[in-house]
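Geometric and topological summary
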Amino acid sequence: MNILIIGSGGRESAFAYKISQSQKLDKLYIAPGNAGTKQYGENVPLNVNDFDGIADFALANQVDMIVVGPEEPLVKGIHDYFLDREDLKQISVIGPQQAGAQLEGSKDFSKEFMVKHQIPTAAFRSFDQATLQEGLAYLETQSLPIVLKADGLAQGKGVLICETLDQAKAELTAMISEAKFGAASQVVVVEEFLRGIELSVFVLTDGEHYKILPSAKDYKRIGERDTGLNTGGMGSVSPVPFATKEFLDKVEERVIKPTISGLKLDQIPYKGFVFIGLMNVDGNPYVIEYNVRMGDPETQSVLTRIQSDLVDLLEGVAKGDLDRRSYTVSEKTAATVVLVSGGYPGKYQSSKPIANIENVEKSYVFHAGTKEEAGQVLTAGGRVLAVTALEDNLFDALQQATADAGRIFFEGKYFRTDIGFDLI
Ligand code: AMP
Ligand code: GLY
């Protein structure tokens, strides 16, 4: 099978690594990829939202399957585009069509979906320009802190946790009337603040059957002990020690089953990954958000634990017989530490030479923001590399990943040395 991965981050590097291991793979392409994905396949200089270009390339190179990494092309309808064109129909796309992608593309849609299908989530109401005054009055009736969420995609920045009523009112007004997050905040979800510990559960589905992938926890803040600004993700671990069998059974019964059956009931076809962001509130799961793709850097920790042939599973998704595909997961623990450019998530410098990757022997090094110029690997983004260790227990995995993160060098390199240690 010839497979094309869409995307260029650490997540896509992990996909490329795992897919490259498959017996079923003939040729692997990554568009656009990065300096690291070249070791697993061929990079193709195409933008993730260039559907015409992707289609032309796929036809010219007999691509059988497209695995979509990021959410944006899904929300923009890449899967629908392939289904709509007669000459592209035989190419499988892993990732939902636009209707299903609304689970991530619109917070209001996903909240309504959860209410309709009785999936536990925080109490909420949505407001827009026409109902702003009602929204301001609603805020006065709510307890603090309160959560405001831009309805649309806002590059992970559209969620505000407001500690005071004045702040909440000012932010609601700024989001709706002053387009604080552009068109994404024309509608705002105002949501009850949930107290608990977060984790993510990933599901692969063909729309009918599903496999529950390893759960993971990610670390979003830039600073040690979860301080400072939010980032795309500074590290992850899988499995999550507090996600006991009892808790995960509740997740399956209360969240996963009604999500898959809800999509079917609502006649929303869905072939791909569902990323369920959960809050564990006193042992009970509440959905914070859905994403319609895998997480980054969760994928690095999740895929390294999957022992089965990922391409076989993805083929099951495409053909609708995922229930008949073998699926096994390693008992080991994976820990991922992300190396970022100094200054990230604010301003940072790029094009710094990266040295000593070859000194890492025991961990996987997944490239994210990297490029190659004249044979030299250079930094090319905020998140530069993800170092993933797979060891017998959490402590060993964390130690290994952290030590290996220290073995790599580039000017301004920064990484958190406390990823996962809160769980020990
Ligand atoms: P999201 O973009 O939906 O992932 O939200 C970003 C972060 O805001 C989450 O990872 C949580 O840490 C936090 N968050 C979102 N919704 C809630 C909520 N209802 N209660 C508490 N924290 C929340
Ligand atoms: N690590 C969070 C995300 O991928 O959205």
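Quick summary incoming for the structure in this document. (Residues numbered from 1 in each chain as written. Chains lettered and ligands numbered in written order. Predicted model: local features only at pLDDT ≥ 70, side-chain atom pairs only at ≥ 80, totals over all residues. Heavy atoms only, no water.)

Bringing the pattern of salt bridges into the picture now. The final tally for this structure, using the stated rule, is 32 salt bridges. Here Glu372 ties to Lys38 by a salt bridge, and the two come within 3.2 Å at their closest N and O atoms. A residue pair is termed long-range when its members are at least 10 positions apart, and Glu372 in strand β18 (residues 370-373) and Lys38 in the loop between β2 (27-32) and β3 (42-43) qualify at 334 residues. With a shortest N-O distance of 2.7 Å, Arg325 and Asp312 are connected by a salt bridge. Pair noted here: Arg325 is in the loop between α11 (310-319) and β16 (333-340) and Asp312 is in helix α11, with a separation of 13 residues, a long-range link. The pair Arg325 / Asp312 is uniform in exposure class, with both members buried. (Salt bridge = Lys/Arg side-chain N within 4 Å of Asp/Glu carboxyl O. Helix = DSSP H or I, 4+ residues; strand = E, 2+ residues; numbered from the N terminus. Buried < 20%, exposed > 50% of the residue type's maximum accessible area, 1.4 Å probe, protein only.)

So, on to the packing of helix α5 (residues 98-105) against helix α6 (residues 107-116). Between α5 and α6, the shortest axis-to-axis distance is 6 Å and the interhelical angle comes to 100°. As far as their axial angle goes, α6 and α5 are roughly perpendicular. Residue-level contacts link Ala99, Gln102, Leu103 and Gly105 of α5 to Lys107, Phe109, Ser110 and Phe113 of α6. Tallied by class, the residues present in the contact of α5 with α6 amount to 4 nonpolar, 3 polar and 1 charged. (Axes fitted to C-alpha atoms, helices over the stretch in contact; angles between N-to-C directions. Parallel < 35°, antiparallel > 145°, perpendicular 65-115°, else oblique. Contact = heavy atoms within 4.5 Å. Nonpolar A, V, L, I, M, F, W, Y, C, P; charged D, E, K, R; others polar.)

In the vicinity of ligand 2, the contacting residues are Asp218, Gly232, Phe275, Arg293, Gly295, Asp296, Pro297 and Glu298. Here an oxygen atom of ligand 2 sits 3.0 Å away from a polar atom, N or O, in the side chain of Arg293. Take Asp296: an N or O atom from its main chain is 2.9 Å from a nitrogen atom of ligand 2. Summarising the interface, the protein chains cover 87% of the accessible area of ligand 2, which totals 200 Å² for the free molecule. Residues belonging to the shell around ligand 2 are distributed by class as follows: 2 nonpolar, 2 polar and 4 charged. (Near = heavy atom within 4 Å. Polar contact = N/O pair within 3.5 Å; in protein donor to acceptor, adjacent residues only side chain to side chain. Areas by Shrake-Rupley, 256 points an atom, 1.4 Å probe, with all protein chains shown as cover.)

Taken together, 15 residues lie near ligand 1, and Glu191, Glu192, Leu194, Glu198 and Glu289 sit nearest. Side-chain polar atom of Lys220 to an oxygen atom of ligand 1: 3.4 Å apart, as the coordinates give it. When isolated, ligand 1 has an accessible area of 470 Å², and the protein chains bury 87% of it. Classifying every residue of the shell around ligand 1 gives 8 nonpolar, no polar and 7 charged.

Attention now goes to the sheet that holds strand β1 (residues 2-7). Taking strand neighbours across the sheet as the criterion, the 5 strands line up as β3-β2-β1-β4-β5 in an open arrangement whose pairing is parallel. If you trace the sheet from one side to the other, it starts and ends with β3 and β5 (92-94), each paired once. Alignment of β1 against strand β4 (residues 65-68), held across 4 bridges, turns out to be parallel. Bridging across to β4, Leu4 finds its partner in Ile66. Against the sheet, helix α2 (residues 51-60) makes contact with β1, β2 and β4, and its axis sits at roughly 160° relative to β1, the strand it touches most. (Pairing = 2+ DSSP bridges.)

Residues Ile19, Ile66 and Phe82 are the most contacted members of the largest nonpolar core, which totals 110 residues. Residue contributions to this core peak at 6 residues, all from helix α9 (residues 245-265). The contacts of Ile66, once residues within four sequence positions are left out, are Leu4, Ile6, Ile54, Ala58, Phe82, Ile91, Ser92, Val93 and Ile94. Listed in part, the 19 residues of the second largest apolar core include Ile146, Leu160, Cys162 and Ala168. (Core = buried A, V, L, I, M, F, W, Y, C linked by side-chain atoms within 4.5 Å.)

Given a relative accessible area of 12%, Arg325 falls into the buried group. Reaching out from Arg325, the side chain makes a polar contact with the side chain of Asp321 at a distance of 2.9 Å. With sequence-adjacent residues up to four places away left out, Arg325 is seen in contact with Lys24, Lys211, Asp312, Leu313, Glu315, Gly316 and Lys319.

The sheet built from 4 strands is open, its strands ordered β11-β10-β14-β15 with antiparallel pairing. For this open sheet the edge positions go to β11 (210-212) and β15 (284-291), each flanked by a neighbour on one side alone. Taking the axes of each pair of neighbouring strands and ignoring which way they run, one obtains an average angle of 30° across the sheet. Bridge count for strand β10 (residues 197-205) against β11 is 3 bridges, and the pairing is antiparallel. Residue Leu204 lies in a different strand from β11, and its bridge partner there is Lys211.

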